[in-house]
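Breakdown of the fold
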Amino acid sequence: MTTTTLTKQPAWLRPAVLDRAEQVLVVLLWIVLASRVEVSSNPWSILLLISETAVAVFTLIRRPTEKLSMALGDWLLAMTATCAGLLVLPGVPPLPLLVPLGVFLAVVGNGIQAWAKLTLRRSFGVAPANRGIKISGPYRFVRHPMYAGYALVHMAVMILMFHPMNIVIYAIGWWAQILRLLAEERLLSQDPAYAEYMQVVRWRLIPGLF
């Protein structure tokens, strides 16, 4: 993986330009999602919008960095993982009895990812980058608590807003998410502080499993 030596790269192929392009794409996809939620008859679709709005907001206010992966594969994985959640279709609850469970998972998942985002503050990003190492808050328990929060919200979506296409969207999204997570760690582990953190917090996503 390469980070940022751009002496012979095209003028547009710079971290600052790619960073801005990523922000624009996320905002555009958020607008599309918001329009789908607005016309949806499912009252629980607002929980999905809350989750994805947090992604858009923190993408816009994050800290710029020059320590950004310039590998095309890393960018494709990051954008696939991020865009998956923004492409979800607000369907209907297939089993009304499970609605309370879905609401619980959505609230807890949104709470965990909000906690992680507030811990990161302007260090949040989509493509693999080093915007500062954070080891407090939920990062004391797993190395990627934000993704754990996403997983709970996505399970809630399948319970509260089921649509056959969402199975495909999330399957592709989580395939990319896991590979993206590993790419992030390859980049961040070049920082001695993060390498030490990895020795202290062993689990990436699910304590005792992964």
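This text goes with the structure placed above it.
Note that the structure is predicted; figures quoted are calculated from it, not measured.

Now for the overall build of the chain. Counting its secondary structure elements, the chain contains 7 helices and 0 strands. Taking all contacts inside the chain whose residues are at least 6 apart in sequence as the whole, residues at least 24 apart take part in 82%. Accessible area for the chain stands at about 10500 Å²; split by element, carbon and sulfur atoms hold 71% of it.

Further remarks concern the side chain of Asn42. When you line up the elements, Asn42 lands in the loop between α1 (15-39) and α2 (45-61). Judged by relative accessible area, which is 5%, Asn42 ranks as buried. At 2.8 Å, the side chain of Asn42 forms a polar contact with the backbone oxygen of Gly91. With residues near it in sequence (within four places) discarded, Asn42 still touches Gly91, Val92, Pro93, Leu160 and Met161.

This part is about the packing of α2 against helix α5 (residues 145-160). Running from N to C, α2 and α5 point in directions that differ by 150°, and their axes come no closer than 10 Å. Regarding the angle of α2 to α5, the classification is roughly antiparallel. At the point where α2 passes α5, the crossing takes the left-handed sense. Mapping the contact onto sequence places Leu47, Leu48, Ser51, Glu52 and Val55 in α2 and Tyr150, Val153, His154, Val157 and Leu160 in α5.

Counting 26 residues, the largest nonpolar core has Leu33, Leu48, Val88 and Val157 as its most contacted members. Going through the elements one at a time, α1, α2, α3 (72-86), α4 (99-120), α5 and α6 (164-188) are the ones with two or more residues in this core. The element best represented in this core is α5, accounting for 6 residues. The contact partners of Val157, leaving out residues within four places of it in the chain, are Leu48, Val88, Phe162, Asn166 and Tyr170. Val55, Met146, Tyr150 and Leu205 belong to the second largest nonpolar core, which has 15 residues in total.

Moving on, we come to the pattern of salt bridges. Inspection of every chain in the model, using the stated rule, returns 3 salt bridges. Between Arg143 and Glu185 there is a salt bridge; the shortest N-O distance is 2.7 Å. Highlighted residues: Arg143 in the loop between α4 and α5 and Glu185 in helix α6, separated in sequence by 42 residues. Glu185 sits in the buried class, given a relative accessible area of 5%. Residue Glu185 is joined to Arg204 by a salt bridge in which the shortest nitrogen-to-oxygen separation is 2.9 Å. Note that Glu185 is positioned in helix α6 and Arg204 in the segment after α7 (192-200), a separation of 19 residues in sequence.

Looking now at the packing of aromatic side chains. Scanning the model with the defined rule gives 3 aromatic pairs in all. When the ring of Tyr194 is compared with that of Tyr197, the centres are 5.3 Å apart and the planes differ by 55°; the resulting orientation is tilted. Of this pair, Tyr194 and Tyr197 both sit in helix α7, 3 residues apart, which is roughly one turn of the helix. In terms of burial, Tyr194 and Tyr197 fall into one category: buried. Directly above the ring of Trp203 sits Arg202, whose terminal nitrogen or CZ lies 5.0 Å from the centroid.

This part takes up the environment of Met146. Within the element layout of this structure, Met146 appears in helix α5. Under the relative-accessibility criterion, Met146 is labelled buried at 5%. C-alpha of Met146 to C-alpha of Ala116: the two residues are 30 residues apart in sequence and 5.4 Å apart in space.

Together, Met165, Ile167, Val168, Ile172, Trp175 and Leu179 make up a nonpolar patch on the protein surface, roughly 550 Å² of accessible area in all. Judged by its relative accessible area of 39%, Met165 is partly exposed.

With that settled, the discussion passes to the packing of α4 against α5. Two packed helices can be described by the angle between their axes and the distance between those axes. Where α4 contacts α5, the axes come no closer than 7 Å and their chain directions differ by 155°. Relative to α5, α4 is oriented roughly antiparallel. Considering how the two elements wind past one another, α4 and α5 form a crossing that is left-handed. The residue makeup of the contact of α4 with α5, split by class, is 18 nonpolar, 5 polar and 1 charged.

What counts and how
Numbering of residues starts from 1 in each chain and follows the order in which that chain's sequence is written. Local features in a predicted model are, by the rule used here, given only for residues with pLDDT of at least 70; side-chain atom pairs are given and counted only at 80 or more, and totals for whole chains, interfaces and linings are based on all residues. Excluding hydrogens and water, the side-chain values take into account all heavy atoms of the structure. Secondary structure follows DSSP: runs of H or I at least 4 residues long count as helices, runs of E at least 2 residues long count as strands, and numbering of each begins at the N terminus. Contact definition: two residues touch when any of their heavy atoms are within 4.5 Å. Note on areas: these come from Shrake-Rupley sampling with a 1.4 Å probe, and a residue is covered only by the protein chains present in the view. The rule is simple: take the accessible area with a 1.4 Å probe, protein chains only, and divide by the maximum for that residue type; under 20% is buried, over 50% is exposed, in between is partly exposed. The term polar contact refers here to a pair of N or O atoms within 3.5 Å; inside protein, the definition further demands a hydrogen-donor-capable atom paired with an acceptor-capable atom, and it admits residues adjacent in sequence only when both atoms are side-chain atoms. Only the stretch in contact is used when fitting a helix axis, every axis being a line fitted to C-alpha atoms; angles between N-to-C directions are given from 0 to 180 degrees. An angle below 35 degrees is treated as roughly parallel, one above 145 as roughly antiparallel, one from 65 to 115 as roughly perpendicular, and anything else as oblique. For any helix crossing, the convention is left-handed if the near helix is rotated counterclockwise from the far helix by under a right angle, and right-handed if that rotation is clockwise. The definition of a nonpolar core used throughout is a set of buried Ala, Val, Leu, Ile, Met, Phe, Trp, Tyr and Cys residues joined through side-chain atoms within 4.5 Å. Any Lys or Arg side-chain nitrogen found within 4 Å of a carboxyl oxygen on Asp or Glu counts as a salt bridge. Any two rings among Phe, Tyr and Trp, with Trp reduced to its six-membered ring, count as a pair given centres within 6.5 Å; such a pair is stacked if its planes are under 30 degrees apart, edge-to-face if over 60, and tilted if neither. Criterion for a charge above a ring: Arg CZ or Lys NZ at most 6 Å from the ring centre, at most 35 degrees from the ring normal. The patch calculation keeps residues exceeding 30% relative accessible area without a salt bridge and links them within 9 Å when they carry like charges or within 5 Å when they are nonpolar (Val, Leu, Ile, Met, Phe, Trp, Tyr). Note on residue categories: nonpolar means Ala, Val, Leu, Ile, Met, Phe, Trp, Tyr, Cys or Pro, charged means Asp, Glu, Lys or Arg, and polar means any other residue, Gly included.

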